Protein chains: 2
Amino acid sequence: MSDETDIPPPPWQRLPERPARRRRDPISRDAIVAAAIALMDRDGYDALSMRTLAEELGTGAASLYWHVGSKDGLLDLVMDQLIGEVVVPPADPARWRDQLKELARTQRATSLRHPYLVRLSIGRIPLGPNALRLNEAVLAIMRAGGLPPRMAVQGFLMMLEVVNGFTLDETGVSGEELPPDPAARAEAGDMVTGYLKQLPGERFPNLNELAGEFALADNDERFDLLIEVFVDGLARHAAGRDGAT
Amino acid sequence: MSDETDIPPPPWQRLPERPARRRRDPISRDAIVAAAIALMDRDGYDALSMRTLAEELGTGAASLYWHVGSKDGLLDLVMDQLIGEVVVPPADPARWRDQLKELARTQRATSLRHPYLVRLSIGRIPLGPNALRLNEAVLAIMRAGGLPPRMAVQGFLMMLEVVNGFTLDETGVSGEELPPDPAARAEAGDMVTGYLKQLPGERFPNLNELAGEFALADNDERFDLLIEVFVDGLARHAAGRDGAT
DNA sequence: ACCTGAACACCGTTCAAGT
DNA sequence: ACCTGAACACCGTTCAAGT
């Protein structure tokens, strides 16, 4: 699913050059990537080691290295595979702002479905085959919105950064082992609130007064607010006249 | 420098309770934190191990555990120490938007001075003594700007996330070992541009056409643009009338 | 072309034992 | 109260050797 394209890999890709496999054997590059994703979906980012992954596949750790070169190379493949889950509609000039907001939501949803994705993306330039498709589609929407070349690229980069910044925060705290069930999430929020409320009021009047607001906020609402602020702010830099709401 | 305050630690803090040290010995909690920061400033995030850090201090790894409890606990302390480098001016209602932008720049500067800081912050709630001071000061500026309680907290959280998202991107790629000197940075940019230019134009018209814009962008300008979009967008939610420029 | 076992050079952490 | 050596249970990666 990842190597039917004829696009040459970027020069820094950490993968060994291999001829395509003939039959679909129990162990193959794709099978390794799929198993890695399944393992991390289940047990979190830190649970992935070459040894445990190999065991899952019924081999020794050393066997994996022939297929994926290194753990780093494997994570490159995992990232592009997960990016492939983000689908973007063809650009519609009339709806470009809504399309951007919806794209941001889709991207966030993918990052929540695989809470290790953002952490995994750190230091990796998204230029695999799936990432290229996504990048092209996003840029198309930016251009459809009338953003000049420079702003289109900036908007593209900034949106990625904004969504990742938000999601990293969201998935970071206990985004590891256990799925962050609502109960644990609420408890953590209450713990913060309780701690802030009990702080000396002379030195921390605002933290004290606003303590309740920290637990209260729903992440979906928070995210919508953020991308509204961002996309509407971006629209003010478009060539056309559809500045703000 | 970190434990002269009387604020009780948050309940999830991973540190052992210890009486304050009498004399300033070669090995102490503060000395360990300082050495850890120096080590990571020099050799990067991954270079920090309890063993190498101990060697730097002329002891064995096991000795550190009495002072900091765990590596995780040590990183908690390191984070708060670095957050202490961010200084915020007292809130000035007339200049609140500029103050926010300047705060964002200061925060980014700190994250660039210690390129591992953002990575280190993942999954850690910033509620150490220095973080509390910073949070309080930022909230004060938000309130001074006329943001209602809910928006003040949201703005505070979102700004943190936006700055971290940008800086994570900036420091992630090769933000590890060598300091990201301009030469390597430019070369990496050229590599991306070259790769994008050579892509098949029928399938990737936008990536192809806009390839040059990726290398061209200066990060300082890019950051200013992002926080302008964000802060001005935020200002539209203030109670007062100073909506946009 | 693909897989294997064994080894190398690391980790974080614990713990009994020292002073 | 503080430090230590040694051990436990892990890592990613290499490499000679197998089929």
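Residues numbered from 1 in each chain as written. Chains lettered and ligands numbered in written order. Predicted model: local features only at pLDDT ≥ 70, side-chain atom pairs only at ≥ 80, totals over all residues. Heavy atoms only, no water.

Caption draft 1: Main features of the overall build of chain A. For chain A, the helix and strand inventory stands at eleven helices and zero strands. If you list the helices and strands of chain A from N to C, you get α-α-α-α-α-α-α-α-α-α-α. Taken across its 245 residues, chain A has 49% of its residues classed as buried. Considering only intrachain contacts with a sequence separation of at least 6, the fraction spanning at least 24 residues in chain A is 70%. With an accessible surface of roughly 11300 Å², chain A has 55% of that area assigned to carbon and sulfur atoms. (Helix = DSSP H or I, 4+ residues; strand = E, 2+ residues; numbered from the N terminus. Buried < 20%, exposed > 50% of the residue type's maximum accessible area, 1.4 Å probe, protein only. Contact = heavy atoms within 4.5 Å. Areas by Shrake-Rupley, 256 points an atom, 1.4 Å probe, with all protein chains shown as cover.)

Caption draft 2: Focus on the interface of chain B and chain A. On the side of chain A, 67 residues touch chain B, which itself brings 67 residues to the contact. Between chain B and chain A the total buried area reaches about 6000 Å² when both faces are included, carbon and sulfur atoms providing 70% of it. A salt bridge links A:Glu209 to B:Arg143, with the nearest nitrogen and oxygen atoms 3.6 Å apart. Inspection of the region where chain B meets chain A yields twelve residue pairs in polar contact (both at pLDDT 80 or more). (Buried area = accessible area lost by both parts, 1.4 Å probe. Salt bridge = Lys/Arg side-chain N within 4 Å of Asp/Glu carboxyl O. Polar contact = N/O pair within 3.5 Å; in protein donor to acceptor, adjacent residues only side chain to side chain.)

Caption draft 3: Inspection of the packing of aromatic side chains at higher detail. Summed over the entire model, instances satisfying the criterion amount to four aromatic pairs over all chains. Pairing A:Phe156 with B:Phe214 gives two aromatic rings, centres 6.1 Å apart and planes at 75°, and the pair type is edge-to-face. Taken as a pair, A:Phe156 in helix 8 (residues 149–172) and B:Phe214 in helix 10 (residues 205–216) lie in two separate chains rather than in one. With respect to class, A:Phe156 is no different from B:Phe214; both count as buried. (Phe/Tyr/Trp six-rings, centres within 6.5 Å; stacked < 30°, edge-to-face > 60°.)

Caption draft 4: Structural detail: the protein's contact with DNA strand D. In the vicinity of DNA strand D lie 18 residues, with A:Arg51, B:Thr59, B:Ser63, B:Trp66 and B:His67 positioned nearest. Put simply, 54% of the atoms of DNA strand D that lie within 4 Å of the protein are in sugar or phosphate. In this structure, A:Ser49 approaches DNA strand D through a side-chain N or O atom, which is 3.4 Å from a phosphate oxygen. Taking A:Met50, its main chain carries an N or O atom lying 3.0 Å from a phosphate oxygen of DNA strand D. Looking at the surface near DNA strand D, the elements with two or more residues in it are helix 2 (50–56) and helix 3 (61–68) of chain A together with helix 3 (61–68) of chain B. At four residues, the largest contribution of residues to the surface near DNA strand D is made by helix 3 of chain B. Grouping the constituent residues of the surface near DNA strand D by class yields seven nonpolar, seven polar and four charged. (Near = heavy atom within 4 Å. Nonpolar A, V, L, I, M, F, W, Y, C, P; charged D, E, K, R; others polar.)

Caption draft 5: Molecular detail of helix 1 (residues 29–43) of chain A. All names here are of chain A. For helix 1, with 15 residues, the first-to-last C-alpha span of 21 Å sits near the 21 Å given by 1.5 Å per residue. Among the residues making up helix 1, those that are buried are Arg 29, Asp 30, Ala 31, Ile 32, Val 33, Ala 35, Ala 36, Ile 37, Leu 39 and Met 40. Residues of helix 1 that are buried in the fold lie against helix 2, helix 3, helix 4 (71–83) and helix 6 (117–121). The first or second residue beyond helix 1 is Gly 44, which carries a positive phi of 95°. (Expected span 1.5 Å × (residues − 1).)

Caption draft 6: Fine view of the packing of helix 10 (residues 205–216) of chain A against helix 8 (residues 149–172) of chain B. Where helix 10 of chain A meets helix 8 of chain B, the closest approach of the two axes is 9 Å, and the angle between their N-to-C directions is 65°. Between helix 10 of chain A and helix 8 of chain B, the crossing angle belongs to the class labelled roughly perpendicular. Of the two elements, helix 10 of chain A crosses helix 8 of chain B, and the hand of that crossing is right-handed. Taking contact as the criterion, the partners of A:Leu210, A:Glu213, A:Phe214 and A:Leu216 in helix 10 of chain A are, on helix 8 of chain B, B:Pro149, B:Arg150, B:Ala152, B:Val153, B:Phe156 and B:Leu157. (Axes fitted to C-alpha atoms, helices over the stretch in contact; angles between N-to-C directions. Parallel < 35°, antiparallel > 145°, perpendicular 65-115°, else oblique. Left-handed = near helix turned anticlockwise from the far one by under 90°.)

Shape is all these values report; function is a separate question.
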